[in-house]
Amino acid sequence: AIVIGNRFTGVAGNDSVGITISGTSRVSLIGNSISAGEVEGIWVNVGSHIEVASNFIWGCSQKVHNNFDGILIGGASTDCSVTNNVVRHGGGGAQHQFGIQVAAAAANIWTCGNDFGASGATASISDAGNKTLFPLNSGIGPYQVWDPAAGPAAHVAATVTMFNRV
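Residues numbered from 1 in each chain as written. Predicted model: local features only at pLDDT ≥ 70, side-chain atom pairs only at ≥ 80, totals over all residues. Heavy atoms only, no water.

Trainee: How do you make sense of the overall build of the chain when you look at a structure like this?
Mentor: Secondary structure assignment for the chain yields 0 helices and 16 strands. Buried positions account for 48% of the 166 residues belonging to the chain. Long-range pairs, those at least 24 residues apart, make up 64% of the contacts in the chain with a sequence separation of at least 6. (Helix = DSSP H or I, 4+ residues; strand = E, 2+ residues; numbered from the N terminus. Buried < 20%, exposed > 50% of the residue type's maximum accessible area, 1.4 Å probe, protein only. Contact = heavy atoms within 4.5 Å.)

Trainee: Explain the pattern of salt bridges to me, please; I cannot follow it from the model alone.
Mentor: Close approach of charged atoms allows side chains with opposite charge to pair. Tallied over the entire structure, the rule returns 1 salt bridge. Linking R88 and D115 is a salt bridge whose minimum nitrogen-to-oxygen distance equals 2.9 Å. Of the two residues, R88 is situated in strand β11 (residues 86-88) and D115 in the loop between β13 (107-112) and β14 (123-127); the sequence distance between them amounts to 27 residues. Its relative accessible area of 24% is what places R88 among the partly exposed residues. Assessed through its relative accessible area of 22%, D115 is described here as partly exposed. (Salt bridge = Lys/Arg side-chain N within 4 Å of Asp/Glu carboxyl O.)

Trainee: What is the right way to look at the sheet that holds strand β5 (residues 33-35) in this model?
Mentor: Two pairing modes exist for strands in a sheet, parallel and antiparallel, and in both the strands are linked by backbone hydrogen bonds. One open sheet holds the 4 strands; their spatial order is β2-β5-β8-β11, and the pairing between them is parallel. Of all the strands in the sheet, the pair left with one neighbour each is β2 (7-9) and β11. Direction aside, the axes of adjacent strands within the sheet are offset by 5° on average. Both β2 and β5 contribute to a ladder of 3 bridges, which runs parallel. Looking across to β5, one finds that R7 is bridged to S33. (Pairing = 2+ DSSP bridges. Axes fitted to C-alpha atoms, helices over the stretch in contact; angles between N-to-C directions.)

If you want it as structure tokens, here you go:
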């Protein structure tokens, strides 16, 4: 299935997610514009072989400041690619927590060519996934990674040096 070239604008009070993919595989989300959602801009939950490409996500997490993400790869999602997206928190009183968050149960997630500048109130990226790659993205400082020694809820700041622009 392909979701391409749509515009999604949130409606206050309905917990709107721009696009949710849950429990499916082989879906492409390409060239969509998502703004002012109550919670996540794009949420992939227990998906496999999902392509999230060339989307523009702006000003979601309007329900609670610093609580929801521009893009969330959650659940046991595997073998997904997140490429050439632009994510912005939109300023104001309610901003994304992270531009992109890869949850602990996710594996083999590839992100490349994204622009995460000014995308999250806490940080641009949160990665707790297994075998997540973040080459050639821009605007990803600070970068947060999960520290297994500190427990699953702990995050530590790290520096990204793999061809990324800060």
